[in-house]
Amino acid sequence: MTTRGWQKERTITTLDTVGRRVAVTTGLTRDPEGRLVAVIAVGDGPTAIFRHLNDLDDRPELVANAADTAADLHTMTGIAPVRQLRRRR
């Protein structure tokens, strides 16, 4: 079930920094110019575009920053990141 009217919407529940449950949603929608974009939103907050349909970069900046932050956590704690295989919908 979609809650924001996006296409290919996916929502996970995680915790915020004070331990409250919060939904994080990703999906596809259209920007004001009508271009198909990949977006992310935390809770009922605003939507952030992380990839335009015609981006030339192999790795969008938001995705790259998230991956780099996960690597920083690994470096600082020694805890290896865990990757789970998910069944595609």
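Residues numbered from 1 in each chain as written. Predicted model: local features only at pLDDT ≥ 70, side-chain atom pairs only at ≥ 80, totals over all residues. Heavy atoms only, no water.

**Notes on helix H1 (residues 61-77)**
- The end-to-end C-alpha distance of H1 is 24 Å, a good match for the 24 Å that 17 residues give at a rise of 1.5 Å each.
- In the stretch just after H1, Gly78 is the one whose phi turns positive, near 80°. (Helix = DSSP H or I, 4+ residues; strand = E, 2+ residues; numbered from the N terminus. Expected span 1.5 Å × (residues − 1).)

**Some words on the pairing of strand S1 (residues 7-15)**
- In terms of strand pairing, S1 meets strand S2 (residues 21-30) through 7 bridges, oriented antiparallel. Looking at the pairing, Leu15 lines up with Arg21 of S2.
- Taking the residues that link successive antiparallel strands as the turn, the S1-S2 hairpin has 5 residues, and the phi of Gly19 there is positive, at about 95°. (Pairing = 2+ DSSP bridges.)

**Observations concerning the sheet that holds S2**
- Across the sheet, 4 strands lie side by side as S1-S2-S3-S4; this open sheet has antiparallel pairing. Among the strands making up the open sheet, the edge pair consists of S1 and strand S4 (47-52). Taken over all neighbouring pairs, the strand axes of this sheet differ in orientation by 20° on average, direction set aside.
- Judged from the 7 bridges that link them, S2 and strand S3 (residues 36-42) form a sheet pairing that is antiparallel. The residue of S3 that forms the bridge with Thr26 is Ile40. (Axes fitted to C-alpha atoms, helices over the stretch in contact; angles between N-to-C directions.)

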